[in-house]
Structure formats: structure tokens, C-alpha cells
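Topology and contacts: notes
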Amino acid sequence: MWSPPEFLKSLLDGSSDASLICQSNGVIWHANEPARLMFNTHDPQGVAIGTYLSFFDSLNKIENPRLSWGDVISATSFRNERKNADGVGTNAAGDRFPVAISIVRIQQQNSSTNSGQATSSEYQEAPEGFDYLFCLYIRKMIPARMELSSLEEKVARYSATRDAILRSSDQALAVVDSAGIIREVSSDLAEMFGYEDENQLTNRHIDFLLQGKGSHYLEKELSSAEVQLVKKNGVQINVRVVSSMIPPTEGASDIGTAITFKMVSKKGNPQCQENRNGHNSYASGELPKTKNATAGILDASFDSLFVMTEQCTIEMVNKTSCDMFGWTEEEFIGQNIRMIMTSEVATNHDDYVSRYLETGIKKMMGTQREVVAQRKDGSTFPCVLGLSKCKESGLICGFIRDLTSEKKSQAVILEKERELFNKETQLIKKHTEAKTILNDLVKNQSVVMGILDASFHSLFVIDDHCIIHMVNKKSCEDFGWTKEEFLGRNISMIMTPDVAANHDQFMKNYLSTGIKKMIGTQRQVTARRKDGSTFPCTLGLSETPNGEFYCGFIRDLTQQKKSESEMLEKNKELIRNESLVRGILDASSHALFVIDERCTIKMVNDRSCEVFGWTKEEFLGNNINMIMPAHIAMHHDQYMKNFLKTGIKKMIGTQREVTACRKDGTTFPCMLDLSEAKGSGLICGFIRDRTNQKVAEMALAKKNKSLQEKQDIMAGILDASFHALFVINEKCIIQMVNEKSCVVFGWRKDEFIGKNINMIMPSDIAVHHDQYMKQYLETGVKRMIGTQREVTAQRKDGTTFPCVLGLSETQQSGMICGFIRDLTEEKAHEAKIIEKQLAAEKLSCDLEANQGIIMGILDAAFHALFVIDEKCIIHMVNKRSCDVFGWTKEEFIGKNIKMIMPAHVAVNHDQYMKHYLDTGIKKMIGTQRELTACRKDGTTFPCVLGLSETPQSGMICGFIRDLTKDKAAQAAMMTKNRELQMHQNLIMSILDASFHALFVINEQCIIQMVNAKSVDVFGWTKEEFIGQNIKMIMPPAIADSHDSYVKHYLDTGIKKMIGTLREVTAYRKDGSTFPCRLGLAETKESGLICGFIHDLTEEKAAEAEILAKKRLAEKIIDAAFDSLFVISERGIIEMVNRASTTVFGWSQEEFIGQNISMIMPTVHAENHDDYLKRYLKTGFKKMMGKEREVEARRKDGSTFSCILGMSEVDNGGTKQFVGFIRDVTLQKSLLLAQAEREASDSLLFNILPEHIARRLKQDPSHIADLYNNTTILFADIVGFTDRTSVMSPHDVVMMLNDIFSRFDYLVDVYDLNKVKTIGDCYMVTSIPTDELENDGCSRVCRFALDMFKAVRAFNNTGPRHGQINFRIGIATGQVVAGVVGTKRFLFDMWGDAVNVAARMEQSGLAGQIQVTKEVVESAGPDFNFERRGTLTIKGKGPMEVFILKSAQEPSGRHSELDRRKSNSSRALRAFSMLDNYHDS
């Protein structure tokens, strides 16, 4: 598996942006720490194919946004393009955020086997197929859009990066173009062939080095071969040549080839060459791939990059670094990195690096930190610095990201979010109030009927049998029947006979199936009047929530149909006049163009063809920018978009001189006159050729140029300026002023000239001004120049005034020009604005107080309502507006009111408002006028508009009544007396049904109303109550002072009783008293006070009984040994027992009334109330009814472990929670100590053999023993490197874990010692103990045979990446074994037998067990061996080796093996698993 080199990993890990390297099929090969943090995943390298697609919800800036992520990657690989995309990412927690993504192809790997025939054993197996690799840079975007650097600028950095890689290359490398010409070589290549200088090889054909065989390496994407070449001095050398095609970069179509040369020995093994730095060179072909990868990553980087040595010398920078800091690349290279630091940091920087190199303690390395950097011009800026170190080269990579714009954007965004939150809070509050009042209004039947009768549409309410239950007045007017004639009859009476015959059947079908065809929709139908006439109308149906009734609104379309017919006649008239208009336009002496909103030419006249040279057919359908010069044409469509978006006319309605372009490419000056065709959206332009006139004007201009005239013009311009102007020299002496300066300050021009400029400054500033100028001349640091600042100036009479000062410096003369703008009037205007704002805020408070009522009434209105400000921006609409026009409230708010107007009216509407604000003349306000409005779908309709202005706020309110519905309808009220009587009877029926006594009194405490329950409770009749003072029901001690309490409330407004419930004593007619609960409320409109009185006599008796039972329960609870707490729903302690005071240290008085969180540690106490609220809301039990171990806190602050048991008690409808707490501190300490001992022993026995572990516990000194007869086994996966090169890291680990876990079980079965695993190598030995030494060799051999059974079982599961095979080697002999080190103990073995076993595995055959002669002799007669022959073993020479084929069932030692199986539980589990996969 190809993995990124360390240098490339260092670049990624040092980046502050999330960076990924992935394959086109979705497998991630490498990810840095920011990527893990961004997506909240700890193992991004283990993501399976396609899993990371969930990171991105959508992508933009791609040819087809509907393509999947994999399609985008694939398209990028085939076209070799870089891609930038914006999208929305989703992390593991489900949070969504905007991201910017840069994708670049960085590595092309071989897709087929090597074409060259390898002669060495290391090339015997062909590698698996590879695909392209990609680098993804992902950056979170703040909501303000972030613009990426253009790809063209990034591509320009390729050359610099390429040269840096070649200079640092430690291989013999040549880069040739597609023609075979050598363009670049490394110094190692020149040295290999005996040339003193690289230039002696460049610009020559590659055949010069490869002896005419260069084309073989240029025609293939990747090739490798061993050839014999000749050096400059004629000496022949054996060289392995590997060529790799370099993918083309953007802007370059030429495909080059990188060719590496490596000297090999006569046997074909590459010689180990050391480069100049002493590091081993990379494998053949690796450098070109690394080069491409590095170039791609640098080109896609968003940030500044620095690569430096351990001495802090800069070795490499990217173009972003030059743009960010202001130095060129040449100025950076070779300099110390502290050149980009502020002086206080740069002074100590080298000491920090020296300390790191000496101690190795990383403070900055591998982290990201916010620091301050310094540019070439001395300015500083905040940034994020990320550092990483390359392990191989020792170079340090640093990424720097500028935070200037982000910090500004974050501040702006924070402020906007704060404003948005405040607005949302206000809207929620207003919506809640409006909803409450609307519900109250709906309950009022008289108001509802008044609203319905005021409707412009007919209303019918019918039941399931189609019987009419309600109609409004409009229904009677439209159809001719009275309400009495309507009620109780079938709705089919208003339908034509063909529809009426089937209507009841339609209703039955709906009731039986529930399928809605008409309900919830609007449909055009035909209705029938009482006189038999019919008319077209729109029918809208809805069903009441309880499903008992159906409401239908009917709108008469007669007038609308008539208007549509008239509009059709007008369109025909326009078509007849079109031919006449075209004739007039063709007779014009000027060129004419008519274009639409997309700048497409819709019409030209004959003069246009004569002037520009195109025919009409060539003009029509093309963009108007065809007649413009290229530099104007490229921006023209954007100008049109700005106009359509903002409505600001810069060119339309004016004449402007421009340059036009003819068909032959020549240009000429012309005068352009544009106008907009109202209502059509088309723009007409007349073009007049000014070539001759322009020539005359240029000739005249040359004659009139003179220095005196320029000075006069300049003086005139300056004197005409609205601002005071001063020109001073470097000594602050005034050289020139304009007339406005004399007017503003009071001095004459001759009094100004020659004086110091501090004459116009207050004394406290004037004293230091010359020093400021001197400091600027010495340092060149501009603080005021080039900026605008608000200062205070002083007039001749000594008065001061606020002003804005703007300074600029002339390049040639060194003069400083200053413009001063008087802010006196602006400050006064700002004060007025503040005053208006305060008034507006007061009005806003008043509006908020009534907002609920107003919105409820407005939403109940049958007319559309709009409230706009002076800029015509909509601030409020009602629900009727949404129904009439089709937009939602959110779409209305914040938009211009002209959105509801036809185009020809909307164009001039803002001008009408401006004229009214300027003149105060009211033409529309206070009147009603008939006009035309426009809906969202573009349709228009006639309506009546009534406008009024609010005096304080300046807001304008408009009601719009749709005349298509009904122009003649007027709202009529029903008889108020009958409705009021019905309403009053309803209220009294409700009050008399109450269980509590009710009193309504006025401000003088006189009883206005009582209910029947009051008569029952107090004994007086209603007639005896009405008109009397309320103190008649109070005991004398309270009654005497009652009126003064009411008077105090009326005077101060302080509510003590109103809005609360309080327990008081009441007085009956018979003189007896009784306890009761009194609740008072005040009606805002009438000023009346309502009081409900609840008799508590029975409740008090029940409470006394409960209190007695409670005292008995408390005595029982106090006898318990465990702590007990009873708390309320709010977590307040209501009861504790004596054991609680003993355990926690607080007294019962200190407990009662406190929150239960007082006995919890701080980390739990802060959230406990939220847990309790969540349980009461959801009912989900986590603690309730269970016992759980928790931590509690005593009064002295100490904590202890305890068992908490919770239960819920329903105390008369009130929930209480009972908790028992048992201290388990001592018990837990004992259990914890025991668990720690067991865990320690278990961990030690897993690391070391059991008998070694026990020796180590008894004697911690070093263990080192000599064993004469120990058997060692090494096993290795065949082709592991090639196999895992196409597997993800996750798949590799899972495969090794599966197969090695099977081996671990076998180790337990045969009671062997697993020493370690090294990569894919597995090492096992017999346990070197005296009692088992004689049996060790046979057990290892049987273990080896069962290993292949385990491998076959693994292969039978159908592994994802194909079947695997092993090589196994076994040797036996003398070894030294012992425990090494004091950390991470390892029981290891050393000796000649260990080395021989490793050689047996390395020289063995796939799928075979290769052993030494000593193993054959020690194993015994139960095993079948096959002699392989004599092999030359490294370090040993010729050795006779054998292959272990099979084994017979054990004879004499069978009982011993059975004993080990029965005595070891681990062995039994292992045998069970072994039997399972044997059966499979």
C-alpha cells in the first residue's frame, strides 16, 4: 500500500485546515488532526468506501450539482482538473456548517502490472491495481462568503515547488519532455555518469544516456528494467531504470516523464546509496510521485507555508506567503524565520528553538496557536500558526492562516445574531399575545358574526347532510334569498340542476372514503340565484376541526370575467399598431436597439444595420454586448443584474457618451440614450455616431490647453467645494486655502497664507501638532494621512465646532492637503434623529402593549392590511393580505410595497413617496381610490386602497379591499340588543355553574355581580348583595380598613392581593366565620375587580387529620438506619430523618426548605434541577424505582460513595420523591482494592507467562535464564505488502486481528508462549520450563499444522480482499530468555536458534512449514517430514531443511494433553472455537 512520505505528512499535519488524502473510490489514506476535529471522528483513516459522503450535504460550483461525491472525484481524475467547491458539511454529532473545499489530483499510481521482467525475487509478484489519489483541503466558512484564491495563481507556484524538490532530491533523476529532451537533472545523476555539471546533460536527448532505448520509457505510463549503460569515462555500470509519467498540470498540455537511475550489483540487488545528508534514498519512482503530491498540495493550500531548517533558515515558501507578508520568494529564501515576527518575539526566538533541540520538549510543535505576525511594511496582523517536524529530513513545516478578516466578520456576525435574537424574542412575544387575544375574540359570538357579515364574500356553513346552518349577509345579497329562507334547506338550492342532482352523493362518498377532492381547495364553478340566473364564481371549502360542519366561501367572478374580455380586446389593438411602430423606427436617423432583461436583442431598425455592419438576422437573439468593446462587454451583464436587483437607474433616462464596436472590429464614439418600456420589462436604446463631432472637439481641446487655464480651473473647483481646503508644507505652513475655509473659520485668505496650521486648532492640540508632523517625517508611519477622523476645530472668534478631517499627501511636491467638513449641522441632525428614535421607542412600547389586541383584530379583518415606513418598506401585514396576494408574512416583511403593484406603477412609486415627504401634499393619504394590484403569481385585480398616516411614527397604514369579490357589499351589524342579551345570559350561566363564590366590585368596592354559589356560601340573596360594599362579608377587624387598602392600590398601582391567591377569614350572614382562599383579578378595560372565594372548612379538617398521620410517619422514619429524604417536584427538601443529620452533618432545620442539590458534588448539583424537570416532562425513568451508586457531599465539603434508591409518591395529586441513602465507603474501598489486585494480576499474566509473572511479583530483580531445548516458530503472511497497499488501514487491522486471534486460541490449547507480533509476523515458542521442555517441540509442530487449519477456516469465510497464505519456519535449540526493561515488560528470547527459526520462515515456501534437522529429531515418530534439500542460510551457510507434512494422533502423551485441556478454562473455550471452524 502506498503511503504518503514523511515530508508530505508533515505538510498536512502542520496545516491549520482540515486535509485529507483519499482514493477515487472514497477510501481515506491520510487525515490530519483538524479533519478529525471538524467531523468529530477519532478514526477517519478507518472510514469505509463512500462513508465520508455523509460529511457533505451539497456542493456548488460544479458543472452538475446533482453528481455524487464519487462522480466529482472521478471527473476530476479523468480531466486532470483541480476543483473548488462550496458545500454544507455534517459532523458526527449532526451539526451542519458551510465549508469551502479544494480538490486536486496529487498521485497517479500504476493500473496494471510492471511491463519489465524483474530478475530479482522481490519483483516476482506483480502489484495489485491502483487508482488516482486526491488531496482535499476543507475549511469551515463563516456565514459571510469567503472568496478563494484563483487556480491560475496557484498553478504559477508549481515551478518554484518543482525546483525545490529537485534541489533537495537524493536520487539520480532526470525529467524529460514528451519529445525525449532532458529538461532537468539532479546532481546525483551527473555524478553517477561522471559529469562535473548538470548543464552538460540538459537539452540533450535521453537516448544519449540510454543508448538509443529512450522511446521505450516514454511510451509507457510506468516501466522498469535493468540495463547496462556506459559512463563518461567508458566504464560500464549496471543500472535499474524506472520511468514514471508525470500528469500534465493546468495550463500545460505537455506530459513529461520522470526517470530514475539506481546502480545495482551483478546479482541484481540495488546498491544502498547514501545521499549527501546520510539518508537512504527512496525506492525507484517514488520521487516523481512525491513531487507531484507536494505540488498539488501546495497549489491547493489556502494558507501561507514555510519550510525551514533546525537553524530557523527558510528553505521554501509558497506564493501565499509572498502575498501575505509582502516579501518576494528570493527575499525569503536563506533568511531567518524571525523576519516575520514582531520585535519582542523575534529577540528570543532562536533561544526557544535551541531549547527544543536540546530537551525535545514540544510546546509549539504539533499544535496550533494564535500569534501576531509582522509584514514587510511593519504592520502586524493576527494569525493561526501550526508547526510540524519531518522525521526523515529534520525540516520544520509551518502553516500560517491570516485571521484579520475572520475576526472582523465574527464581530459583525455576532452583532447581527444578537440583533436577530432580540427581534425573534419580540416577535415570539407579540405572536403569543396576538394568539391569546384572537382566541378571546373568536369566543365572542357577536364579534364573529359582525366579522362574517362584513366579509366581501358569501359564506355558508353546512352539516354532513348538506343542510345550511349559517349564512352571512353577503350570501343573501348575492343569491336573493333571505337568511330565514336559507337556514334548514339543502345547499343544492344554489346550484345548477345538473350539479344539484348529484351533490348529496358526492358528500356521501367523502364521508365513506375520507378522500378530499374539493375540501381545502379553490375551484371555479357556476352558481344559481333565486331568480334562476347563473353566474361564475370561485368556491373555497374547509372542514371544522371537529369534523361536524363545513364552511364555504363563494366569490362572484362576473366582473372579473368582464375585465378579462376587455383586456383581450386591448391586446388585439396593440398587435394592429405594431407594424406602424416598426415603420416609424426604420425611418429614424439613429440606430435603435430593444433588449430584454437578459440583454438579448429583440428589435433593431435599418439604421442599426448600416452603422454596425450586421444584418437584422445576425442581431436578433444575440447579446447586446456584441456591439461593445471587449473590456466593457465582459461586465455588461453584471450591470444589468445590479439594476434589476436594486432598481437604481444610472444609465436609463440619461444620455452618455460611450464607445461602440462594429462588425469589422473598428470602434467609434457615440451618444447612447436609454429608456425603459413601462410594463414590458424591455429597454430601448438610441445610438448616435459622434465620430465627426469627436474629431472636432479633440482639435479644439488641443488649442485651449495652457497652464494658466488649468490653475484657474483648479482654483474654481476648490472654491466651489462644499468643504474647507488647506494645503500645507512639511513645516505646517499654510500654502493655499479656498473660499469655504474663509467662510467656515472667519479669517481672510491673506490672514491664512504663511501661518502655521495650528491656528485653527484648540490650544491643547495646537501645542503638540508640530511634533506629530516631525515624527511622521522621521518614521514615515501614516496615522492620519489617507484616513478620515472626527476632530475639533477653532474659529477666529475662539468658538469650536466638530468636523471631519481628511488628509492626503502629494507624491511630487511633498505637500499635504486637508479637507475639513463642518459637522455642526450633522450633529444637530443626529440629535433630532436620537429624539425621533426615543419617540419611536416610546411608540414601540405603546404598540407592544396593544400589539396582541391589534394583531388579533387585524388578522380577523376581511381586508388586506399593510403598514409601511417612509422608505416604502413593509413592517406589518395581516393574514388577509397573505390570502389575497399569495405571499407569506415572512416574504412580505422587509420588502418594498411596490411588490404588489404592476410594473408600470411600481417603477414610479418611490418617487411619489419622496415627493410627499418633500412637499407634505397629501394626494392619496386620507382618501380611498380605486386602482390595480398584482398577486405573487403575476395576476392583477382591481381594488380600493385607503391610506392613513400615524402622527408619531410616520408609518403609513393601507387597507386594500378586493373589488373582484364584491364592489357593492357593505358590512351591516345585527341587532345589538339581542346579541348582548344572549351574551350576558351565556356568561351568567357559566358563572352560576361555578363551584366557587364569585364577586365583581367596582373601584368604590360596591358589589356589581354575584353568582348562585355566593348566595349558598354566605346566606344573603343576590338582591341583598348588589349595591352593597364588599366588606359586608369580612370580619369587623378587617372590614374597617378595607376601603383604605383599595384606595392605596388605586393611588400607587402596587398590587398586593390582585393576581394572587391568599387564605383569609370570611363572614356569613348569621355571623359565623370560616377559612377560605381568595383569588383576585382585574379587568383592564372596565376597571372592575373579580374575586373568587373557595371555602376551606372541609380542607382544614382533612389537613389536621393528615398532620397527625404525618407525625406518626416521621417517628417511624427517624428510627431507620439509612438516610431518608423527601423532596418536592422542584427538588426542595420537605422531610429528613435523624440518620440524615448524622451522615451529612446538617441539622433538620438546615435541611428543610433547601434544594436537594446541597448534598451533591458541584458537577451534579448544577444540573440536578434540569434532570428533575426533564423527568416530570417526559416521564422517562432513569433513577426512579432503581438503586444506583452515586457520590454525596457532607456539610464539611467531603464526599463519599453511597447507594441511592428513589421512588415516586403521589400525595393527593402532588408528586413527591422519596430517597434512601446508604453509605458504602468502607465496602467500596474493600471491593476496589480487591478489583485492582485482580486486574493487575490479569494484565501481568496476559503480558508474561504465568510462572514468569509470579517470579517477577516475588522478586522484582531482572530475570534471565538459559534453556537448552526450546522450540521457536515464526509465521509470516505471503504477499502482505502488496495486498495491504490496496486496503484501508481499518481493513488491514481487522484482517490481522481476525487471523491472529485464531492463533492466540491455539496458543492456549497447546500451552505455548506467544512472544510478540511484528507487523504481519507471528512469533511463538514452547514454554521454557523444566517439566515441559521435553514435550515442547511436538506441541509447536502440532500448533503449526493447526495454524494452517485456522487459515483455511478464515479463507472459507470469503474475506473481502481475497484469500491469504502463510510461510512458517521452526527451529529448536538453546536460547536465553528474560524480562527486559522497567516499562511495558516483554518476556523475550535471544540466541542462535531464534535466528535460525527466522531464516527458516524467510527461505520457506508459501503454504509450507519448513524446519531444521534438529526439529525432525526432537519431534518424535508421530510426525511426517519431507526432505527439501540443502539451502544456503544467511549467517549459517549450507543447512539441510525439511517440510513438515502431517502428524499422527498422540499416543503416550495423549493423557497429558487431555489433562491440560480439562484444567484450563481458556483451553476449553479455545477447543470449542477450534471445533467450530474445523466443522465449517
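Below, the structure is looked at part by part.

**Structural notes on the overall build of the protein chain**
Summing up its helical and strand segments, the protein chain has 48 helices and 54 strands in all. Here the protein chain holds 1480 residues, and the buried ones make up 41% of them. Taking all contacts inside the protein chain whose residues are at least 6 apart in sequence as the whole, residues at least 24 apart take part in 49%. Accessible surface computed for the protein chain: about 82,300 Å², of which carbon and sulfur atoms make up 53%.

**Section: helix α17 (residues 497-513)**
A rise of 1.5 Å per residue sets the reference length of α17, with its 17 residues, at 24 Å; its end C-alpha atoms lie 25 Å apart and thus fit the reference within 8%. Taking the largest bend as the criterion, α17 deviates by roughly 40°, centred on His 503. Burial in α17 covers these residues: His 503, Met 507 and Tyr 510. Residues of α17 that are buried in the fold lie against β17 (458-462), β20 (534-543) and β21 (550-556). Positive backbone phi, approximately 75°, marks Gly 514, located one or two places after α17.

**Some words on the nonpolar core**
For soluble globular proteins, nonpolar side chains are generally found buried alongside one another. Counting residues in each nonpolar core, the largest one holds 40 residues, and the members touching the most others are Leu 1273, Phe 1303, Phe 1343, Phe 1366, Ile 1368, Ile 1370 and Ile 1409. Of all the secondary-structure elements, those providing two or more residues to this core are β47 (1264-1277), α43 (1289-1309), β49 (1321-1326), α44 (1336-1356), β50 (1366-1380), β52 (1409-1412), α46 (1413-1419) and β54 (1437-1447). Broken down by element, the residue count for this core peaks at 11 residues, all from α44. Counting residues in hydrophobic clusters, the runner-up holds 26 residues, among them Met 626, Ile 627, Cys 670 and Leu 674.

**Notes on the sheet that holds strand β39 (residues 1061-1067)**
The antiparallel open sheet is built from five strands, whose spatial order is β38-β37-β41-β40-β39. The sheet is open, and its two edges are formed by β38 (1007-1010) and β39, each paired on a single side. The sheet shows a mean angle of 30° between the axes of neighbouring strands, taken without regard to direction. Relative to β38, strand β37 (residues 997-1001) is paired through three bridges, and the arrangement is antiparallel. Residue Phe 999 lies in a different strand from β38, and its bridge partner there is Val 1010.

**What to know about the environment of Gln 559**
Tracing the backbone shows Gln 559 in helix α18 (residues 558-586). Taking the relative accessible area as the measure of exposure, Gln 559 reaches 35% and is therefore partly exposed. Here the alpha-carbon distance between Gln 559 and Thr 964, two residues 405 residues apart in the chain, equals 6.2 Å.

**Describing the packing of aromatic side chains**
Summed over all chains, the structure comprises 42 aromatic pairs. Residues Trp 614 and Phe 619 carry aromatic rings whose centres are separated by 5.6 Å and whose planes lie at 65° to one another, so their mutual orientation is edge-to-face. Exposure remark for Trp 614: the relative accessible area of 13% places this residue in the buried category. Classification of Phe 619 as buried rests on a relative accessible area of 0%. Both rings, one in Phe 1144 and one in Phe 1200, keep their centres 5.6 Å apart while their planes meet at 55°; by these two values the pair is tilted. Pair noted here: Phe 1144 is in helix α36 (residues 1138-1144) and Phe 1200 is in strand β45 (residues 1199-1211), with a separation of 56 residues, a long-range link. For the pair Phe 1144 and Phe 1200, a shared accessibility class is recorded, and that class is buried.

**Concerning the sheet that holds strand β42 (residues 1123-1127)**
Pairing within the open sheet is antiparallel, and its five strands lie in the order β43-β42-β46-β45-β44. Edge strands, defined here as strands with exactly one partner in the open sheet, are β43 (1133-1136) and β44 (1187-1193). In this sheet, adjacent strand axes meet at a mean angle of 35° when their direction is disregarded.

**Comments concerning the pattern of salt bridges**
Applying the stated criterion across every chain yields a total of 43 salt bridges. Put simply, Asp 402 and Arg 375 hold a salt bridge, and the shortest N to O gap is 3.9 Å. One end of the pair, Asp 402, is in strand β16 (residues 396-402); the other, Arg 375, is in the loop between β14 (368-374) and β15 (380-389), with 27 residues separating them in the sequence. Residue classification places Asp 402 among the partly exposed residues on the basis of a relative accessible area of 26%. One salt bridge connects Lys 602 with Asp 596, and the closest N-O pair in it is separated by 3.6 Å. Among the residues examined, Lys 602 registers a relative accessible area of 46% and is labelled partly exposed. We classify Asp 596 as buried; its relative accessible area is 15%.

**Things to note about a positive patch on the surface**
Together, Arg 1174, Lys 1182, Lys 1186 and Arg 1188 line one region of the surface with positive charge. Position of Lys 1186 relative to the elements: it lies in the loop between α39 (1168-1178) and β44. Lys 1186 sits in the partly exposed class, given a relative accessible area of 46%.

**Quick notes on the pairing of β15**
For β15, the tally of buried residues reaches seven of 10 residues, placing the bulk of the element in the interior. Here seven bridges tie β14 to β15, and the two strands are oriented antiparallel to one another. In the sheet register, Gln 374 faces β15, and the bridge partner there is Thr 380.

**Comments concerning the environment of Glu 1449**
Relative to the assigned elements, Glu 1449 resides in the loop between β54 and α47 (1454-1463). Separated by 27 residues in the primary sequence, Glu 1449 and Asp 1422 have C-alpha atoms spaced 7.2 Å apart.

**Side note on the packing of α43 against α44**
It is at 10 Å that the axes of α43 and α44 come closest, and there the two elements cross at 145°. Between α43 and α44 the crossing geometry is right-handed. Here α43 contributes Met 1295, Asp 1298, Ile 1299, Arg 1302, Phe 1303, Leu 1306 and Val 1307 to the contact with α44, which in turn contributes Phe 1343, Asp 1346, Met 1347, Ala 1350, Val 1351, Ala 1353 and Phe 1354. The class makeup of the residues in the contact of α43 with α44 is 11 nonpolar, no polar and three charged.

**Some details on α39**
Here α39 has its buried residues at His 1168, Leu 1172 and Tyr 1175. All buried residues of α39 project into a common sector of 60° when viewed along the axis, lining one side. Away from its buried face, by an angle of more than 90 degrees, α39 presents the exposed residues Lys 1173, Lys 1177 and Thr 1178. Phi turns positive one or two residues past the end of α39, at Gly 1179, with a value near 75°.

**Some remarks on the environment of Ser 1403**
Take Ser 1403: it is sitting in the loop between α45 (1392-1402) and β52. Taking the C-alpha atoms as reference, Ser 1403 lies 8.5 Å from Gly 1369; in sequence the two are 34 residues apart. If we skip the residues at most four places from it in the chain, Ser 1403 touches Gln 1410, Arg 1428, Leu 1431 and Ile 1433. Of the polar contacts made by the side chain of Ser 1403, one reaches the backbone oxygen of Arg 1399; its length is 2.8 Å.

Basis of the calculations
- Residues numbered from 1 in each chain as written.
- Predicted model: local features only at pLDDT ≥ 70, side-chain atom pairs only at ≥ 80, totals over all residues.
- Heavy atoms only, no water.
- Helix = DSSP H or I, 4+ residues; strand = E, 2+ residues; numbered from the N terminus.
- Buried < 20%, exposed > 50% of the residue type's maximum accessible area, 1.4 Å probe, protein only.
- Contact = heavy atoms within 4.5 Å.
- Areas by Shrake-Rupley, 256 points an atom, 1.4 Å probe, with all protein chains shown as cover.
- Expected span 1.5 Å × (residues − 1).
- Bend = angle between axes of the 7 residues up to and from the residue.
- Core = buried A, V, L, I, M, F, W, Y, C linked by side-chain atoms within 4.5 Å.
- Pairing = 2+ DSSP bridges.
- Axes fitted to C-alpha atoms, helices over the stretch in contact; angles between N-to-C directions.
- Phe/Tyr/Trp six-rings, centres within 6.5 Å; stacked < 30°, edge-to-face > 60°.
- Salt bridge = Lys/Arg side-chain N within 4 Å of Asp/Glu carboxyl O.
- Patch = residues over 30% accessible without salt bridge, like charges linked within 9 Å, V, L, I, M, F, W, Y side chains within 5 Å.
- Lys, Arg positive; Asp, Glu negative; His and termini not counted.
- Charge placed at Lys NZ, Arg CZ, Asp CG, Glu CD.
- Left-handed = near helix turned anticlockwise from the far one by under 90°.
- Nonpolar A, V, L, I, M, F, W, Y, C, P; charged D, E, K, R; others polar.
- Arc of directions from axis to C-beta.
- Polar contact = N/O pair within 3.5 Å; in protein donor to acceptor, adjacent residues only side chain to side chain.

So, to be careful, I would describe these as geometric facts and stop short of saying anything about function.
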